[in-house]
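# Architecture and fold: a report
The primary structure of each chain is shown beneath.
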Amino acid sequence: MNVKINGPNPTNFNPYKKIMEKQAAQQKEMKKQDQVEISEQAKQLQETDKPNAKRAAYVQEIKQAIQSGEYKVNAEKTAQKMIDFWSSK
């Protein structure tokens, strides 16, 4: 007659098993990398935000006129734009 006695601690009992499984799951999650995908609509918006050549040339002309002292401010037109802006709010 063979009697198997395991004592107070069963051999397949591991108190740290859940902790080890949790750590393994966290390591798998850490290996994943974040990804960003830009929609086609967002790509088009990025392209339209870039200044066009005509606008860039116009801005450059104004910069040169300001630096050379040739740029004259139209006070009436500026005042009217300010009035229009603040009246619409």
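When helices and strands are tallied, the chain shows four helices and zero strands. Starting at the N terminus, the α and β elements of the chain follow one another as α-α-α-α. Scored against the burial criterion, the 89 residues of the chain give a buried share of 1%.

For the rest of this paragraph, the subject is the pattern of salt bridges. Under the defined criterion, the tally for this structure stands at one salt bridge. For the salt bridge of Glu40 with Lys43, the shortest nitrogen-to-oxygen distance reads 3.7 Å. Of the two residues, Glu40 and Lys43 both sit in helix H2 (residues 40–49), three residues apart, roughly one turn of that helix. The class of Glu40 is exposed, set by a relative accessible area of 55%.

Bringing helix H4 (residues 75–87) into the picture now. For H4, which comprises 13 residues, the first-to-last C-alpha distance of 18 Å matches the rise-based estimate of 18 Å (1.5 Å per residue) to within 8%. The backbone nitrogen of Glu76 lies 3.3 Å from a side-chain oxygen of the residue at the head of H4, namely Asn74.

Compared with an ideal rise of 1.5 Å per residue, which puts 16 residues at 22 Å, helix H3 (residues 53–68) spans 23 Å between its outermost C-alpha atoms and is within 8% of the ideal. Looking one or two residues beyond H3, the residue adopting positive phi is Gly69, at roughly 85 degrees.

On the surface, Tyr16, Ile19 and Met20 cluster together to form a nonpolar patch covering roughly 340 Å² of accessible area. Note on placement: Ile19 falls in helix H1 (residues 17–31).

Moving on: the confidence of the model for the chain. For the chain, per-residue confidence averages 81 on the pLDDT scale, and 79% of positions sit at 70 or higher. For the chain, the element scoring lowest by mean pLDDT is H1, at 79; H4 scores highest, at 94.

Another aspect to go through is the packing of aromatic side chains. Scanning the entire structure with this criterion turns up one aromatic pair. Seen in terms of ring centroids, Phe85 and Trp86 are 5.0 Å apart; in terms of plane orientation they differ by 85 degrees. Their pairing is edge-to-face. Owing to a relative accessible area of 42%, Phe85 belongs among the partly exposed residues under this scheme. Judged by its relative accessible area of 59%, Trp86 is exposed.

The rules behind the values
- Residues numbered from 1 in each chain as written.
- Predicted model: local features only at pLDDT ≥ 70, side-chain atom pairs only at ≥ 80, totals over all residues.
- Heavy atoms only, no water.
- Helix = DSSP H or I, 4+ residues; strand = E, 2+ residues; numbered from the N terminus.
- Buried < 20%, exposed > 50% of the residue type's maximum accessible area, 1.4 Å probe, protein only.
- Salt bridge = Lys/Arg side-chain N within 4 Å of Asp/Glu carboxyl O.
- Expected span 1.5 Å × (residues − 1).
- Polar contact = N/O pair within 3.5 Å; in protein donor to acceptor, adjacent residues only side chain to side chain.
- Patch = residues over 30% accessible without salt bridge, like charges linked within 9 Å, V, L, I, M, F, W, Y side chains within 5 Å.
- Areas by Shrake-Rupley, 256 points an atom, 1.4 Å probe, with all protein chains shown as cover.
- pLDDT = per-residue confidence, 0-100.
- Phe/Tyr/Trp six-rings, centres within 6.5 Å; stacked < 30°, edge-to-face > 60°.

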